[in-house]
Amino acid sequence: GGREARGRREGGRARPRSFPAAGPGRSLAMVNESCSSSNGMVGSSNGAAGLRSDGSSSGGESSKDSSRCSTPVLDAERHDRLREKMRRRQESGDKWFSLEFFPPRTSNGAVNLISRFDRMGAGGPLFIDVTWHPAGDPGSDKETSSMMMASTALNYCGLETVLHMTCCNQTREMITAHLHKAKRLGLKNIMALRGDPMGDEWQEEVDGFNYATDLVKHIRAEFEDYFDICVAGYPKGHPEAESYIDDLKHLKEKVSAGADFVITQLFFRSETFLQFLKDCQAIGITCPIVPGIFPIQGYHSLRQLVKLSKLEVPQEIKDIIEPIKDNDAAIRNYGIELAVTMCRELLDSGLVHGLHFYTLNREVATVEVLRRLGLWKEDPRRPLPWAISANPKRRVEDVRPIFWASRPKSYIYRTQEWDEFPNGRWGNSSSPAFGELKDYYLFYLKSKSPREELLKMWGEELTGEQSVFEVFRCYISGEPNRNGHKVTCLPWNDDPLAAETNLLKEELAKVNKRGILTINSQPNINGKPSTDPIVGWGPSGGYVFQKAYLEFFTSSEIVTALQTVLKKYGQRVNYHIVNVKGENITNAHDLQPNAVTWGIFPGREIVQPTVVDPVSFMYWKDEAFALWIEQWAKLYEEESPSRMIIQYIHDNYYLVNLVDNDFLLDNCLWQVVEDTFELLN
C-alpha cells in the first residue's frame, strides 16, 4: 500500500474556528490508554467535536495554540501569478512549455483525461489550458464541461490552469456569470477569444461581444486585475482580417485592452513565427508571445485542423505526408522530427522562452518532442511530500495527515470548503470538519481502471480471505496473480508502487501474505539530503526525516494478539486501532497529532508537512472501510460468494496505524508484527 502508491501524503485541516459546525452523528467511546478516564474525551466517527469533561468544546484553541507559524513557502512559484512565473523564467533563461487540452465527450473520457493531466503534469509544464466548446455546455457542472475539467486540473491535479472563454453564443450576463464561477473555483487565468462561428459565418451577438478585445475590456472592467488574460495571435494573420497588418493592429488593441500574454495559432515554419514576433515588437507589443506548436500526429487530424484554422500546409510537407497518409506511425514519427527541428530553431534564436503544445489530448508525440528538446523534466524532488493543489486559497497549506497519502484528490475534495489551511503546524483541535464523501464515482475520484481490468487484477472469483491476501501481496511484490495479471492498483492506491516503498517491499510482501493488508507505509529516515531522488523533498541544501509508519487492515484475532504485544513497546510505538463501527483503541497522548515527516532547510523554520492525527483518522476510517464496498465488493453480484468475502472483511476487520517514534533506530514495526504472529502461534 499507501505511500505505497506515491509519496504524496495527503491530509490537512483548517483553523478550527473557520470550520462549519460538524454534523451530528453516532458517538463512540474513544479508549485512550495513555491518559486517565477522567479526561472524558469523546470522539465521533463522522465529525462531531471532541468534548471535554466540563462540557466545553475543545474546538476553540487558546490564542497560543491557534497561532500559525508563517513558515516561508518552500516553493516560491506557488505564490506567483502566471505572468510573474513567465517573467521569472525569462529573466533566469529557463525554457518552459505549456500544454493544451480539450474537454472530453463522455464521463469515461473525463476519467482518462484526468489521468493524462497527472501523467503529463509530471513533466513540469508551466501551465495547461482547456478549450471552450460552446456546443458542450462549457460553463456547467457536467463532468465533461470545460469549466469542470479546468477546475479539476487546478484543484485536484495541482496544475496552473488557463480556461478558454469565447464570445460565441453568449450574452454579457452569461459571460460574467461564467467568470464569477471560474473565480469561485480558484481559476485565475482566462484565454479571451471571439471563438469560431457556430455556422459558416459569424452571427452578431446582440447582447454579447463580437470581438475578443471587447471581452478583454469586460474582464478588466468587472474583475480589475484578478485574472491574468491571454489572447490569440495569428502568425499568418487571421483568415477573416482585411490584411496581415490590419490583424497586427487588432492584436495590439487586445493587448492594450489588458491582455498579459499572447499564444499563437499553429504554423509550419519557424521563420513564420520569428517574423511575426519581430512585426509585433515593431508596433509596440511588448508582452510575452508564445508560439503554438502542433506536432503532426495523423493525416486526418492534420486535415481537420488545417480546415478549422484555414491554414495552407507547405508543399514540402504535403509531398512527404501524401505517400504515407495511411501509415499513422510513420506520419507521427515525421511530425515529431519536424516539430523538434522547428522548436530547436525557435529556442536557438534567443527570442523564444516558452513553447505551447496543441496535444489533441494525446501524449506520445508531445512528450517525445519535449524529451528530445530536454524540456521534459520529471524531477523526483517535490516541494512537499504530497501533491499540492494549485488553488490560490491553498497556497500556504503545508501540513496534512498521512492517511490520504494515496488518495490526494479525495482529501482535497473533502477539505474544499475550509476557509484556512494549516501552515507551519497542524494544531491540536479535535474538530476538523471533513466533508462527507458519498459519491465515490465522481470522475476525479474514480479508479483509472475499467471494471474488466479490476476483475482481472483482484479476482473474477474469490474463494476466501486468503484470495484477498494474495491480491495485496501481488500488488506489493509486482508478481503476476494466479491468472497471470499484474496488480497495478488497489482501492486505496490507484497508482503503482512509489520508489520509496521499494525500500520496504520485501517486508511488506511478507506481512501481506499473512493477513496484514497494508494500505500506507513509510520507512524511517534520519537526515537524508533533501535532494535524495527517493525520499527527498523541499529546496536544496536541506535534510529530511521520517518516523516509520505502517497502516493496515487485519482480523480481530490478530488485533487481540497485537494489543498484547504493543504493551511491551510503551510509548515507542503509537497506535490507533478502529473497526467500521468506530470502536477504537489508541495510546495517542491527549489525542495529539504526531509529526511523522519533517525537514530542516537553510534559513527556514523546521517544516513538518505530514502528521498522524488521531482525530482525522476517524474521518479517514469511514472512507477507508467504504472503499472495500464501493470499489471492490460492487464488482460482484449481490449475494455472490466473492461479494460476501469482501463484505465480511469490511464488517469484521480492523484498521490499524502504527508509528515507531524512535527514527534513530532500526524500524521496530516489523518486529511488532513478528511478535504478534509468534504470540498467535
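Worth saying up front: this structure is predicted, and the values here are computed from it rather than measured. (Residues numbered from 1 in each chain as written. Predicted model: local features only at pLDDT ≥ 70, side-chain atom pairs only at ≥ 80, totals over all residues. Heavy atoms only, no water.)

This paragraph deals with the overall build of the chain. Each helix and strand counted, the chain has 20 helices and 20 strands in total. Out of the 681 residues belonging to the chain, those deemed buried represent 59%. Counting only contacts in the chain whose residues sit at least 6 apart along the sequence, the fraction spanning at least 24 positions is 76%. As displayed, the chain has an accessible area near 28,300 Å², and 49% of this comes from carbon and sulfur atoms. (Helix = DSSP H or I, 4+ residues; strand = E, 2+ residues; numbered from the N terminus. Buried < 20%, exposed > 50% of the residue type's maximum accessible area, 1.4 Å probe, protein only. Contact = heavy atoms within 4.5 Å. Areas by Shrake-Rupley, 256 points an atom, 1.4 Å probe, with all protein chains shown as cover.)

Averaged over all residues, the pLDDT of the chain is 85; the fraction at 70 or higher stands at 86%. In this model residues 1-73 is a low-confidence stretch, pLDDT under 50, and it forms 249 contacts with partners more than four residues away in sequence or in other chains. (pLDDT = per-residue confidence, 0-100.)

Turning our eyes to something else, we now look at the sheet that holds strand 7 (residues 228-233). In spatial order, the strands read 3-4-5-6-7-8-9-10; together these 8 strands close into a barrel with parallel pairing. Taken over all neighbouring pairs, the strand axes of this sheet differ in orientation by 30° on average, direction set aside. Note: strand 3 (residues 96-101) against strand 10 (residues 354-358), 5 bridges, orientation parallel. When the bridges of strand 10 are listed, Glu 100 appears paired with Tyr 358. Sitting on the sheet, helix 5 (residues 172-184) is in contact with strand 5 (161-166) and strand 6 (189-193), with an inclination near 170° to strand 5. Most of the contacts of helix 11 (residues 328-348) go to strand 9 (residues 289-293), to which it runs at about 170°, and overall it touches strand 9 and strand 10. (Pairing = 2+ DSSP bridges. Axes fitted to C-alpha atoms, helices over the stretch in contact; angles between N-to-C directions.)

Moving on, we get to the pattern of salt bridges. Opposite charge on two side chains permits pairing when their charged atoms draw close. Scanning the entire structure with this criterion turns up 35 salt bridges. For the salt bridge of Asp 228 with Arg 83, the shortest nitrogen-to-oxygen distance reads 3.4 Å. Residue Asp 228 is found in strand 7, and its partner Arg 83 is found in helix 2 (residues 82-92); the two are separated by 145 residues along the sequence. By relative accessible area, Asp 228 is classed as buried at 1%. (Salt bridge = Lys/Arg side-chain N within 4 Å of Asp/Glu carboxyl O.)

Another aspect to go through is the nonpolar core. Counting residues in hydrophobic clusters, the biggest one holds 162 residues, and the most contacted among them are Phe 117, Trp 492, Trp 628 and Trp 632. When near neighbours in sequence (up to four residues on either side) are disregarded, Trp 632 contacts Trp 458, Leu 462, Val 468, Val 471, Phe 472, Pro 491, Trp 492, Leu 627 and Ile 646. Formed by 29 residues, the second largest nonpolar core is a distinct cluster that contains Phe 261, Leu 266, Ile 296 and Leu 305. (Core = buried A, V, L, I, M, F, W, Y, C linked by side-chain atoms within 4.5 Å.)

Relative to the elements of secondary structure, Asn 657 occurs in strand 20 (residues 654-660). On the basis of relative accessibility, which here comes to 2%, the residue Asn 657 falls in the buried class. Once you skip the residues sitting within four places of it in the chain, Asn 657 turns out to touch Phe 403, Tyr 549, Leu 550, Glu 551, Asn 574, Tyr 575, His 576, Val 612 and Phe 617.

Of all 5 residues making up strand 10, 5 are buried, and the element is well covered by its neighbours. Looking at chain direction, strand 9 and strand 10 are connected through 2 bridges and run parallel. Directly across from Ile 293, in strand 10, lies its bridge partner Phe 357.

Counting buried residues along strand 12 (residues 517-522), 6 of its 6 residues qualify, which places the element largely inside the surrounding structure. Relative to strand 15 (residues 548-554), strand 12 runs antiparallel, the two sharing 5 bridges. Note on strand 15: the bridge partner recorded for Gln 522 is Tyr 549.

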